[in-house]
Every structure is written in C-alpha cells, then in structure tokens.
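# Observations on the three-dimensional arrangement
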Amino acid sequence: QVQLVESGGGLVQAGGSLRLSCAASGRTFSSYVMGWFRQAPGKEREFVARVTWSGLSTYFADSVKGRFTITRDNAKNAVYLQMNSLRPEDTSVYYCAADRRTTQAMSVMRSPAYWGQGTQVTVSS
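Residues numbered from 1 in each chain as written. Predicted model: local features only at pLDDT ≥ 70, side-chain atom pairs only at ≥ 80, totals over all residues. Heavy atoms only, no water.

### Here's the deal with unusual backbone geometry
Look at N77: it is not a glycine, yet its phi comes out positive at around 55°. By secondary structure assignment, the location of N77 is in the loop between β7 (68-73) and β8 (78-83). For S111, which is not glycine, the phi torsion reads 45° and is therefore positive. Within the element layout of this structure, S111 appears in the loop between β9 (92-99) and β10 (114-115). (Helix = DSSP H or I, 4+ residues; strand = E, 2+ residues; numbered from the N terminus.)

Structure representation (structure tokens):
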C-alpha cells in the first residue's frame, strides 16, 4: 500500500507555470506506475499524465501535451508535474495516483488503485 500527498498548487495567471509535487510513503515506490489526474467543478476526473517505474516512459493527455512534463525521483519517493503555459481551462483539483499493474504503463492510466487528497490549481485569465 502507498499513501500519496500532493503539494504545490495555487493561483497563477494564464501563461504562467506551476510545479506540483507528490510525496509517496512506503519502501516500494519504484514498483508503482505514477500519474496525475484532475477534476474541474461539475466535470469527471480526467487523466493528465503518467510515468512508468524507471521514469523512461511518459504519456500525456492531448490537452496538456507539449505544456506539461511528468518526472519522478525514486530516491525521494516523489513524482512531479511541471505545468507551463497554463490556461484558465487547466483550473482543477489535481490528484496524484499510483498503481502497480503493468497495464497502467501501456498508455492512459485508468482507475488507479491509490489516490492522493488533491491540490487546487487555479489559472486566472
């Protein structure tokens, strides 16, 4: 089991940048595929990005491709989401997610087993 705690959210103007962090508990962090999801008010939670165990393979939603980067540091049990060129439509609660299943590394991450509590990102126009 793994526990996830996000940080780094906040208010930023359109065009700006934010870096979200997710700290994971446990000794087997490197065995998890890690991802980020987001949920805007009145909308379903949606996949944003994921990174595989070694960090070599990443996958992004089309809406963030070219603007967001996901990385991980297995020595620090952490995963990061660097968000550049932010837009008002990026405003959401962002959730860190983890899962051990190898199917989660194929493309989009779906229904991950573990979630963080979320961090709010607000982009003003």
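Moving on from the model shown.
### With respect to the sheet that holds β7
Taken in spatial order, the four strands make up an open sheet running β1-β3-β8-β7, and their pairing is antiparallel. At either margin of the open sheet sits one strand with a lone partner, and together these are β1 (4-7) and β7. Between one strand axis and the next, the sheet turns through 15° on average, direction left out of account. (Pairing = 2+ DSSP bridges. Axes fitted to C-alpha atoms, helices over the stretch in contact; angles between N-to-C directions.)

### Topic: the nonpolar core
One finds M34, W36, F68, L81, M83 and Y94 to be the most contacted residues of the largest nonpolar core, which totals 34 residues. Among the secondary structure elements, those contributing two or more residues to this core are β3 (18-24), β4 (33-39), β5 (46-51), β7, β8, β9 and β11 (119-124). (Core = buried A, V, L, I, M, F, W, Y, C linked by side-chain atoms within 4.5 Å. Buried < 20%, exposed > 50% of the residue type's maximum accessible area, 1.4 Å probe, protein only.)

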